[in-house]
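# Coordinate analysis (summary)
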Amino acid sequence: MIIGLDAMGSDLGPAELIAGAVKVAQEKDIQVAIAGDEAQIKAALGSAGPKVSSLIEVFPASQVVTMSDTPSEALRKKKDSSIAVLFELQKEGKVDAVVSAGNSGAVVASAIKYLGRLANIARPGIASVFPTLKEPAVMMDVGANVDCRPRNLLQFGIMSSAYYSIMFGNPRPRVGLLSIGEEIGKGNQQVKEARKLLQNSELNFIGNVEGGDTFQGNVDVIVCDGFVGNICLKLSEGLAEALFKMLKDEIRSSVSAKMGCLFARGVFRNFKKRIDYAEYGGAPLLGMNGITLICHGKSDRTAIKNALLEASELVNNKVNEHILTMLESSDAPKGGDN
């Protein structure tokens, strides 16, 4: 198995991403193909040792897709970018998955161009893991499709259920449809029609769920369009950052609070780890004829290591075959929607 890693375009730079690849090679013997600026990659690898050198291969790329590039610009003007090089390698069967913390729009567009969609999948979508009071939950879509049809939402439910069952060992995850109320009549026309499709499917559909249910742990898979899902994702990230800042400000405000913090350091550390996106690796772009993980732009070495491990797990457990089997056994409308 070889996992491709995009070394360019992230907020923290190549060195931090490559450090994650080195950790995977050292700890798990996973082969990694790193694409990007050859000089920077080799400088970051440094003297990693013969074991790492045998597991990591460098593929030069002369161009970098920045966060300001539009997906169409990346495809037209930067055909030798690290993203393009990796997807070409995956198309040729030389890597089994691609992990990138770069421009997510360019990653999605490149995946569609080079890999194509799985048979009968209308649109790919991004699935993101959220921490809850119980087990983690998966939300899909969180940004690939701002406008969706009801049958897209049904396929999101199928794909994210397949993903959830592999990652968390639950073959029948509870699926909820994000809406403004639990009642059958609540929601826009898209949600009302999608509810009927989900209810008549073989999924473990439990009905509509509200935004407040996301973190309660009473639903495993939350289905929504990419417009709503991306807002939920960014709002959650922003809220977590704000809460930590508020907490730090309160702790600094008094000596007694500082003393209490010393005794509760382990609790704070565990809490931070529990809600840290780095612990969940990357968000898979499901529905493609290949495996792609999109990471946060600020991903550190821990996040990249976990994303590479997640990619290897999805390859090992044949997530795409699982999706196709679930789609085939369901009455879901198939294909034909661009």
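Preceding this section is the structure that the text describes.
Read on for a plain summary of the structure. (Residues numbered from 1 in each chain as written. Predicted model: local features only at pLDDT ≥ 70, side-chain atom pairs only at ≥ 80, totals over all residues. Heavy atoms only, no water.)

Time to look at the overall build of the protein. Along its length, the protein carries 13 helices and eleven strands. Against the compact-globule benchmark of 20 Å for 338 residues, the protein has a radius of gyration of 21 Å, which places it among compact chains. Across its three principal directions, the C-alpha atoms of the protein cover 60 × 60 × 35 Å. By residue count, 50% of the 338 residues in the protein fall in the buried class. Sequence separation of at least 24 residues holds for 74% of the intrachain contacts in the protein that already meet a minimum separation of 6. A total accessible area of about 15600 Å² is found for the protein, and carbon and sulfur atoms account for 53% of it. (Helix = DSSP H or I, 4+ residues; strand = E, 2+ residues; numbered from the N terminus. Rg over C-alpha atoms; globule rule 2.2 N^0.38 Å. Buried < 20%, exposed > 50% of the residue type's maximum accessible area, 1.4 Å probe, protein only. Contact = heavy atoms within 4.5 Å. Areas by Shrake-Rupley, 256 points an atom, 1.4 Å probe, with all protein chains shown as cover.)

Mapped onto the fold, Ser179 is located in the loop between β7 (174–178) and α8 (189–199). The exposure class assigned to Ser179 is buried, which follows from its relative accessible area of 13%. One polar contact links the side chain of Ser179 to the main-chain carbonyl oxygen of Lys186, over a distance of 3.4 Å. Ignoring any residue separated from it by four or fewer positions in sequence, one finds Ser179 in contact with Lys186, Gly187, Val191, Asn208, Val209, Glu210 and Gly211. (Polar contact = N/O pair within 3.5 Å; in protein donor to acceptor, adjacent residues only side chain to side chain.)

Backbone-to-backbone hydrogen bonds join strands into a sheet, with any given pair of strands oriented parallel or antiparallel. A sheet is described by the order of its strands in space; here eleven strands give the open sequence β3-β2-β1-β4-β11-β10-β5-β6-β9-β7-β8, paired in mixed fashion. The two strands at the open ends of the sheet, each matched to only one other strand, are β3 (56–60) and β8 (204–209). Ignoring strand direction, the axes of neighbouring strands in this sheet form an average angle of 25 degrees. Summarising the sheet, strand β5 (residues 125–130) and strand β6 (residues 137–140) pair through four bridges and their orientation is antiparallel. Across the sheet, the residue bridging to Phe130 is Ala137, located in β6. Taken strand by strand, helix α9 (residues 226–252) contacts β5, β6 and β7, and its axis lies near 30 degrees from that of β5. (Pairing = 2+ DSSP bridges. Axes fitted to C-alpha atoms, helices over the stretch in contact; angles between N-to-C directions.)

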